[in-house]
Amino acid sequence: MSNWVLKGLQSGVVTTRYPRKEEKAQGISPGFPDIDSQGGDINGREEDVCPTAALYGDSNSLKLDKGRCIHCFRCVRNTGHPVSWTSGFEWASFTEKGTPFPKIFQKSLYIRVVDSGDCGACLNEVKLLNNPLYNMHRLGLFITPTPRQADILLIVGPVTDHMKTALRKTYDAMPEPKRVMAVGSCALTGGIFSSGFTSGSGVSSLIPVDIEIPGCPPPPLAVLHGLLTLAGRTK
Amino acid sequence: MTTIGTLILSGLGIYFLGILGVLIFPKKRTSLVLISGGGGSLILMAAGAVSLFSPDIFRTVLWTIPGLGPVTVTVDHLSAFFLIAVSLAAFPASLYAAPRIHGVRSALYLGLLISLAPVVITADVFSFLAAWEIMSIFLYLLINSGKEERPGYLMLALGEAGTLAVLAALLLLAGNTGGLSFHALKVSSMHITPGLQWTVFILSFFGFGVKAGLIPVNFWLPKAYAAAPPSVIPLIAGATLNLGLYGIIRINTDLLPVHSTGMGIVVLVTGAVTALIGILYATIEDDLKTLLAHSSIENAGIMTTALGAGMIFLATGYKGAAAIAFIASFYHLLNHSVYKTLLFIGAGTVEESTGLRSLDRMGGLLKTLQWTGFFMLIGVLSISAIPPFNGFVSEWLTLQSLLRSVELASLGIKIVFVAAGAVLALTAGLTVTCFVRAFSMGFLGMPRTEKPAGIRKAGKAALVSMAFLALISLSLGVLPTYVIPAIDKAVSPLTGINGSTALIPPFFNNAQEGNELPQHFVSDFQTIGAQIGKGTLPGRGLVVMHRGGKKNPVVFAMSTSYLFIMLFILLALTFLIVKFATRHRKTVKRPRWDGGIRNLLPEMTYTATGFAQPVRVIFNTILRPKVVDRREVIIKHFREAIHLKRKEVHLIDKLVLYPLSSASMWTAEKLARMHSGRVNSYAGYALFILILFLVIASFI
């Protein structure tokens, strides 16, 4: 028998303290271009600098569409006017119609994850929520295989044509109150696939989205933050 | 009691007039079969009821055959019970059969009906065997009037072997006496040697076991039931199986005195094994009718187990426990003829409407055959022993009576009882699996073939007969305290004590007479409501209860009547609470969750074969299927063609039928050498026979 008890005791608690304490470990987030602090302009045409057109607008008022950014760092490496970079992970934002759950539902939520044709990256990050480092069970968040029990529909991927029916059926099968969470740039805008010949341009074209989490892929903590925001448990 | 005689005579007379009518006016056969079959069975049922509840026994001597003695008819309580059980199945079966039966088959059908009653009321060897043979021949003719003939021949051959065994047994019994009447046999059997008694027992038990469907002589039954024409199979399944058990009960508990436990153990073990093997093959069977036939074997096994338990209790002097076991057996017999007729009518209706018999091909029939499905559901619940339906009462009594074996002295017998109880418990579990499968794969889910889309509705006659049987099923289940005293009238002559006083405590009257339970004990039950209904309801009470002896001071109690009322109240209450709690909510209807696939195809759903697969895997040792697994490579390096064929050969076929048939083939082959074609050798055979006869003649 392996000495897993001893090993476990030796390694101690590795779970993040987030959200009770701030998580400051290195490399937990790919980050985004820091437009706000810099304003700034980009020397050159945007499409040359930013392949997914996440940076847009004219040189005086440059804007960032987080839903399109794939953290490619081309804007940072841009030799003329390098853009500075921020880390952090609390990126979740409600859409116009999105609201947190009513108070009575906040303590415990069940999540149905639908892979609507993603590359595997987002799904991998969502999967990490169940490991000892992030352990979302401690926050009362659980994955469920059946939409009949689910409160949150977590969608990754750009919604390929073949997954449209499944997604629609899953959404219809969920009881009220329900919230839809789009995770990753693909689910938000279509991402690098954009609206290709086999895929749509994000979830919102099919079903109403309540909360969006940008990133390609968003780190587990960003997803966790999104879930807590949806539960109304973040400040 | 002339009323009984008149009733029986008029019942049989109506059948006979029906036959004449069918033969003379073949165009009017529907109404003729309906009137004579239905009316005759009702009259016979009435005759049975009258003689069951009258204290006297109807006896009459019809005429005397020179050399064989008088032909006697005796309607004692045992006969009366079987008359009721047979007619109870015959009445709805005739309703169902009337519009479906054609040509000469309708005359054969009425002929079978005519021959059923004499089997149970004749009281001498000659007329009993004559009635038995007539019944067997009509049964054979009816089964062979279907599409396939081989199963009928098999049944006839085995049935005749059984009859011969019974004949031998009865003649051995009669050898001691001058008369051939059952009464004389009963008197003479009081002092026969144990060896003779064992011979008579083995011969008659397995001889009648052919009709009753007992192992190892039941291999004809599934094949014959599957091959019989659908219009007559409810009668065959519901009524004739009972007669085999009647024979066993009549000879081995009534005529022969029950002295030794050995015979009881043989009966008990045979019953338990029959039950398990029967249900095992029913669970994996695909053809709905064959499934029901295997389940008939299982039910015969349960009845026989209870019978064996009763015989052991009787031989060891535990008359109370024996009465309970016999009542359980008789109750189960009554129940089985009701729900098996119901299920066969349902299966017949399904086949008629959709042309389907294979469970793998059915599915979703509830949408089109609502009422048939509803009645089938009741039949399935009854046979699976789910309260408040009737199967529960008799299976409960059977298992409880097996538990009473703790009181027995001998350890060996106790072990046999425990094993039989475990086997019966397993059987009960498998029965639920089997019939959940039969109903859900047939009636629920999606239609698996195109055909059920264009179904014909069930006929009115089928629905009426099924409704009648469903109602009887429910009444037998809800009112056991009124059924048990009636059954006890047939049982008490066998055991010598009043079983109903032992089983039904008098919660409805405070009289102390006939009350086996102490007063303080009774009052405990009255505080929890056992006397609810007192003053308004007749009878002793609604609770079935008995106490173990000193060695097991346990109370076995149940009341399906109160359970039914409570179920009703709780269901209504739940409904009202839910209705009240959700009065402000709106209901949203969404399609069922199918995993998000585009189209759920019938091929994707669970099949009957898949449902039974766990059972097949668990009991692989018993089933031992022939698996042919052949893989062929079509082109090198490319996909293989895989042929996987699996065939279950019935255990009894493998162990009894095949060796038997190969042995007789071998014998025939050897004997065929006699036919050499030379005239000299034939003349030699004639000479040899002549000498043989002369030698025999010189000895006599």
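Here's a quick rundown of the structure.

We now examine the overall build of chain A. Within chain A one finds seven helices and 10 strands. Across the 235 residues that make up chain A, the buried fraction comes to 45%. Restricting to contacts in chain A with at least 6 residues of sequence separation, those with at least 24 account for 77%. Surface exposure of chain A reaches about 12100 Å², of which carbon and sulfur atoms provide 54%. Across chain A, the mean location of the 25 positive side-chain charges is 10 Å away from that of the 21 negative side-chain charges.

Residues and elements named next belong to chain B. With respect to the helices and strands, the residue T240 is situated in helix α10 (residues 233–255). Residue T240 is classed as buried on the basis of its relative accessible area of 3%. Within the local environment of T240, its side chain forms a polar contact with the backbone oxygen of I236, the two atoms lying 2.4 Å apart. In this view, T240 contacts L116, M135, L139, K211, Y225 and L235; residues no more than four positions away in its chain are not counted.

It is common to give the size of an interface as the accessible area that goes away when the parts come together. Across the boundary between the two partners, chain A contributes 12 residues, which contact eight residues of chain B. On the chain A side of the contact with chain B, A:R148, A:K169 and A:D172 bury the most area, a combined 52% of that side's loss. Our count for the chain A to chain B interface comes out at one salt bridge. Salt-bridge contacts for B:D594 lead to A:K169; the nearest nitrogen and oxygen are separated by 3.0 Å. Where chain A packs against chain B, one counts seven residue pairs in polar contact (both at pLDDT 80 or more). In terms of residues, the side of chain A that touches chain B owes the most to one element, helix α5 (residues 164–173) of chain A, which gives six residues.

Let us look at the environment of B:I192. Residue and element names in this part refer to chain B. Within the secondary structure layout, I192 lies in the loop between α7 (182–188) and α8 (194–212). When its relative accessible area of 12% is taken as the criterion, I192 is described as buried. For the pair formed by I192 and R29, sequence separation is 163 residues and the distance between their alpha carbons is 51 Å.

Calculation notes
Residues numbered from 1 in each chain as written. Chains lettered and ligands numbered in written order. Predicted model: local features only at pLDDT ≥ 70, side-chain atom pairs only at ≥ 80, totals over all residues. Heavy atoms only, no water. Helix = DSSP H or I, 4+ residues; strand = E, 2+ residues; numbered from the N terminus. Buried < 20%, exposed > 50% of the residue type's maximum accessible area, 1.4 Å probe, protein only. Contact = heavy atoms within 4.5 Å. Areas by Shrake-Rupley, 256 points an atom, 1.4 Å probe, with all protein chains shown as cover. Lys, Arg positive; Asp, Glu negative; His and termini not counted. Charge placed at Lys NZ, Arg CZ, Asp CG, Glu CD. Polar contact = N/O pair within 3.5 Å; in protein donor to acceptor, adjacent residues only side chain to side chain. Buried area = accessible area lost by both parts, 1.4 Å probe. Salt bridge = Lys/Arg side-chain N within 4 Å of Asp/Glu carboxyl O.

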